[in-house]
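Structural overview
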Amino acid sequence: MTTTTEPLDTLRGAVRGTVVTRGDPSYDVSRRVYNALHDRRPAVVVHAVDAADVSAAVRYAREHALPLAVRGGSHSVAGFGTVDDGLVVDLSRMRGVRVDPEARTARAAGGATWGDFNHATHAFGLATTGGVVSTTGVGGLTLGGGMGHLARRSGLSCDNLVAADVVTAEGTLVACDAERHPDLFWALRGGGGNFGVAVSLAYRLQPVSDVFGGLSCYPLDGDVARAWARLIADSPEELNSILVIALGPEEPFLPERWHGRPICAAFTCFSGPETEDGKVLARLDGLGPVVGRFMERMPYPVINTLFDEQLPPGLRHYWKGRFSRELSDGAIDVHMEFGGTMPSMESDTAIFPIDGACHRVGPEETAFAYRDAVFSHSIGATWTDPADSEHDIAWTRAYDEALRPHTQEGGYVNFMDADDQDRTRGNYRQNWDRLRTVKRRYDPDNVFRLNQNIVP
Ligand code: FAD
């Protein structure tokens, strides 16, 4: 045994999961992340199975001055789930979800996906706000805020978080909630992965079982976007609708002449009573000429899988995020202009409504600062050929820049890319100073810095 392998042997001895290094047969699989743009070569990947493993990995990274990346569902478009020459703590083997139907709560292990979560809670007719693609991680999505089909009626994912167990930068395990370590619990709800590794997260649940949902497609037209914004303003909170601007999908419900042509689509989820479904359809008919539609009653977990196949791992992605209080004519003009030049079938703009219950939480009650924002815009270019990277990244940046004058200073940290670090302060606005205080307390050396970083 040589001295260079000794520390790794110690790490291997300390964890029950797997420690993968360069040269191991599984190294290439272990180092891969969802966004193929980030082809990095970590020194060590620890596939943790419990909090003790996570603690050992964090301590090891610190002792050996290795940059540390934390990976749950692996969906970070910015590539924060991997790092060259550093240590990756991979949580994807920690996916259990324990549901307490009587208390209407569920506790998910830190590497669970929304697919895992929805499967577990749906069996008992319960749900909470989660991501609209089932392969996204519960951890990364919640810590940044969490927008999804139930947001208008139930708030952001982070608003439904009631407790978390966190492995801190010291490698210690801290249980936090409204009473214990309330400062950490506050910061976790919107502050991203800055404060430690959440090895489990507990949520409040609501009775939600079947929903009426799917896609209604219209020509790309500013009037459709304007009508959609009015729909959000006038509809009950059980009606959630995400405005998607994309190229028409090659799906049976859309006539062929619309395949590959720019469209607006209302990605709708109605979680109210079935007797009201007809009214929802009538409202969607009112948005403009419907060119294709897929809407039906389905179990809540199903609506969160509709786009899974279209977004497999291994594509290249580059995103930007912005908040706005209204969908102004100026913003709509920008969306229509760039919507007409979408670079690929997988690229899209998605405008999530974050009013209703999201606004019933105060702007300083959690770290998520933009309780006055009504819309969260994500602009995402997606492509396969590396030769397209320069064009598609430049397209996204130009789109984002054009949208800037029509939106607020900040945006959603989970929709931003790695080159948005200079926007972090604006993303947290009035909560910035308090977040830095919590960061100084729990991670003064900035061990957790691969994120939209709150520099201590
Ligand atoms: P990872 O890459 O595993 O993690 C991202 C970062 O989050 C990590 O680097 C780390 O800093 C932190 N992190 C993750 N898990 C933990 C943990 N347990 N403890 C501490 N830190 C952790 N967002 C929405 O709000 N709503 C959506 O509907 C939505 N849909 C999406 C669909 C797709 C296809 C993609 C790619 C992204 C989507 N997002 C959505 C954005 C998503 O919220 C972020 O990409 C989020 O960071 C993903 O979390 P993850 O755990 O999958 O990613």
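None of the values given here were measured: they were computed from a predicted structure.

So, on to the sheet that holds strand β14 (residues 262-270). Ordered by their spatial adjacency, 7 strands build an open sheet running β15-β12-β14-β13-β17-β18-β16, and the pairing between neighbours is antiparallel. The two strands at the open ends of the sheet, each matched to only one other strand, are β15 (292-299) and β16 (316-324). Sheet twist, expressed as the mean angle between neighbouring strand axes with direction ignored, is 15°. Two strands pair when backbone bridges link them, and strand β12 (residues 210-219) and β15 are joined in this way by 8 bridges, in the antiparallel orientation. When the sheet's bridge partners are listed, D210 is paired in β15 with P299. Against the sheet, helix α8 (residues 222-234) contacts β12, β13 (239-247), β14, β17 (348-353) and β18 (375-383), and its axis sits at roughly 165° relative to β13. Against the sheet, helix α12 (residues 389-403) touches β16, β17 and β18, its axis set at about 165° to β18.

Before going further, it helps to examine the site of the ligand. Near the ligand you find 34 residues, and of these G72, S74, G137, M147 and Y412 are the closest. G137 has a polar backbone atom sitting 2.8 Å from an oxygen atom of the ligand. Look at the ligand: alone it shows 940 Å² of surface, and the protein chains cover 96% of it. Only β3 (68-71), α5 (138-144) and β10 (197-204) provide two or more residues apiece to the shell around the ligand. Of the residues in the shell around the ligand, the class split is 17 nonpolar, 16 polar and 1 charged.

By the assigned domains, the protein splits into domain 1 (5-90), domain 2 (97-207) and domain 3 (210-421). Centre-to-centre separation of domain 2 and domain 3, based on C-alpha positions: 23 Å. Counting from both sides, the interface comprises 33 residues of domain 2 and, opposite them, 42 residues of domain 3. Between domain 2 and domain 3, the buried area comes to about 2900 Å², and carbon and sulfur atoms account for 59% of it. Of all residues in domain 2, the largest losses of buried area upon contact with domain 3 belong to M147, H149 and R152, amounting jointly to 36% of the total for that side. Taken together, the links from domain 2 to domain 3 amount to 2 salt bridges.

Time to look at the environment of I454. Mapped onto the elements of the fold, I454 is located in the segment after α14 (432-442). The buried category is assigned to I454, whose relative accessible area is 0%. Filtering out sequence-adjacent residues up to four positions away, I454 remains in contact with G191, N194, F195, T424, Y428, W432, L435, R436, K439 and N446.

Calculation criteria
Note on numbering: residues in each chain are counted from 1, in written sequence order. Under the rules for a predicted model, residues below a pLDDT of 70 receive no local features and side-chain atom pairs below 80 are neither given nor counted, while totals for whole chains, interfaces and linings still include all residues. With hydrogens and water excluded, all non-hydrogen atoms of the structure serve as input to the side-chain values. We call two strands paired when DSSP finds no fewer than two bridges between them. Per the convention used, a helix needs a DSSP run of H or I reaching at least four residues, while a strand needs a run of E reaching at least two, with both numbered from the N terminus. Every angle, taken between N-to-C directions, lies between 0 and 180 degrees, and every axis is a line fitted to C-alpha atoms, over only the stretch in contact when it is a helix. Working rule for contacts: check all heavy atoms of both residues, and any pair within 4.5 Å makes them a contact. Any residue with at least one heavy atom within 4 Å of a molecule or strand is counted as near it. Polar contacts, as used here, are pairs of N or O atoms within 3.5 Å; protein pairs need one atom able to donate a hydrogen and one able to accept it. Residues neighboring in sequence count only if both atoms are side-chain atoms. Areas reported as accessible are Shrake-Rupley estimates using a 1.4 Å probe. Residue values count occlusion only from the protein chains shown. Amino acid classes used here: Ala, Val, Leu, Ile, Met, Phe, Trp, Tyr, Cys and Pro are nonpolar; Asp, Glu, Lys and Arg are charged; the rest, including Gly, are polar. For every domain, the bounds stem from an assignment made automatically or drawn from a database. Here the buried area means the combined drop in accessible surface, using a 1.4 Å probe, for two parts upon being joined, counting both sides. Every case where a carboxyl oxygen of Asp or Glu lies within 4 Å of a side-chain nitrogen of Lys or Arg is listed as a salt bridge. Think of it in three bands: residues with accessible area under 20% of the maximum for their type are buried, residues over 50% are exposed, and the middle band is partly exposed, with areas taken using a 1.4 Å probe on protein chains only.

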